[in-house]
Amino acid sequence: EDQVTQSPEALRLQEGESSSLNCSYTVSGLRGLFWYRQDPGKGPEFLFTLYSAGEEKEKERLKATLTKKESFLHITAPKPEDSATYLCAIRLPGGYQKVTFGTGTKLQVIP
Amino acid sequence: DTGVSQNPRHKITKRGQNVTFRCDPISEHNRLYWYRQTLGQGPEFLTYFQNEAQLEKSRLLSDRFSAERPKGSFSTLEIQRTEQGDSAMYLCASSPPDRGYTFGSGTRLTVV
């Protein structure tokens, strides 16, 4: 079953139009939730790690938050250079080191 | 810190041929991962090394796939008897313990 679900699949925003991306997960005992940005033809670029409900991390126009069932990536006043696919990933409980990725949200910011 | 390096960037091969990819991780990272990504999908886990030990393998890693990390430095991923379904981007990543990954730019494999 899908353990990580991202929505929406695609999002088109006007420059300056703030919005949020969602990542929901079904496992308990999470050992970390990760956000990455991926540009076409490149490997994912690490953005944030969140470990516990209520935790928040910020970087420039991005802010990631975590609850017991989902995470949000808030984008404030986006610019065209924020256009990319944003991937969410979780590290499962039980000592595993791998992370499991969602399918991503493709963000397009129009000037 | 020169990042994670992967070679080659692109590989086109005929079905049935063997291919090998190389990954050079960040030198101080003892953990190395291989993932596979197809168009429109998130990366899928293939295998994980801690130093030279291969500690996790996915069911996706059939007997045609083998990975090594001699001496805990660079790693190679070999695919034998390639099939068209193997066409994908193969991503390598490294990390310190329990931290986010640093990914390489990937090797795009096309099997014709």
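Whatever comes next refers back to the structure up there.
These numbers were taken from a predicted model, which means no experiment stands behind them.

Novice: Help me get a handle on the layout of surface pockets, residues and values and all.
Specialist: Of the voids in this model, the largest pocket is the one considered here, and its volume is about 820 Å³. As for the largest pocket, its lining consists of 27 residues, and the residues nearest its centre are Q3(A), T100(A), F101(A), P43(B) and E44(B). Counting residues per element, the ones that place at least two in the lining of the largest pocket are β1 (4–7) and β10 (99–101) of chain A together with β5 (44–50) and β6 (53–57) of chain B. When its volume is computed, the second largest pocket comes out at roughly 580 Å³. Looking at the second largest pocket, it is lined by 23 residues, and the ones nearest its centre are Q38(A), T85(A), K106(A), L39(B) and G40(B). Where the lining of the second largest pocket is concerned, the elements lending two or more residues are β9 (84–91) and β11 (105–110) of chain A. A per-class count over the lining of the second largest pocket returns seven nonpolar, 11 polar and five charged.

Novice: Outline the pattern of salt bridges, supporting the account with residue identities and numerical values.
Specialist: This model, assessed by the stated rule, comprises seven salt bridges over all chains. Here R61(A) makes a salt bridge to D82(A), at a shortest N to O gap of 2.8 Å. Pair noted here: R61(A) is in the loop between β6 (56–59) and β7 (62–66) and D82(A) is in the loop between β8 (70–75) and β9, with a separation of 21 residues, a long-range link. We classify D82(A) as buried; its relative accessible area is 6%. E83(B) is the partner of R64(B) in a salt bridge, and the nearest nitrogen-oxygen pair spans 3.4 Å. One end of the pair, R64(B), is in the loop between β6 and β7 (65–68); the other, E83(B), is in the loop between β8 (75–79) and β9 (88–95), and 19 residues separate them in sequence. Judged by its relative accessible area of 10%, R64(B) is buried. Using a relative accessible area of 40% as the deciding quantity, one classes E83(B) as partly exposed. One network of salt bridges, with partners in common, ties together R64(B), E83(B) and D86(B).

Novice: Explain the interface of chain A and chain B residue by residue, including any values.
Specialist: The partner chain B presents 21 residues to the 21 residues of chain A that form the contact. Buried surface at the junction of chain A and chain B, summed over both partners, amounts to about 1,500 Å²; 50% is from carbon and sulfur atoms. A per-residue breakdown of the area chain A buries against chain B is headed by Q97(A), K98(A) and F101(A), which together make up 31% of the total. Across the contact surface, chain A and chain B share zero salt bridges. Where chain A packs against chain B, one counts five residue pairs in polar contact (both at pLDDT 80 or more). Put simply, the parts of the chain that give the side of chain A that touches chain B at least two residues each are β4 (33–38), β5 (45–50), β9 and β10 of chain A. In terms of residue count, β4(A) provides more of the side of chain A that touches chain B than any other element does, three residues in total.

Cut-offs and rules
Residues numbered from 1 in each chain as written. Chains lettered and ligands numbered in written order. Predicted model: local features only at pLDDT ≥ 70, side-chain atom pairs only at ≥ 80, totals over all residues. Heavy atoms only, no water. 1 Å grid on protein atoms, 1.4 Å probe; cavity = no way out; pocket = protein on both sides within 12 Å on 5 of 7 lines; lining within 4 Å. Points joined across faces, edges and corners; volume = space filled by probe spheres on them. Helix = DSSP H or I, 4+ residues; strand = E, 2+ residues; numbered from the N terminus. Nonpolar A, V, L, I, M, F, W, Y, C, P; charged D, E, K, R; others polar. Salt bridge = Lys/Arg side-chain N within 4 Å of Asp/Glu carboxyl O. Buried < 20%, exposed > 50% of the residue type's maximum accessible area, 1.4 Å probe, protein only. Contact = heavy atoms within 4.5 Å. Buried area = accessible area lost by both parts, 1.4 Å probe. Polar contact = N/O pair within 3.5 Å; in protein donor to acceptor, adjacent residues only side chain to side chain.

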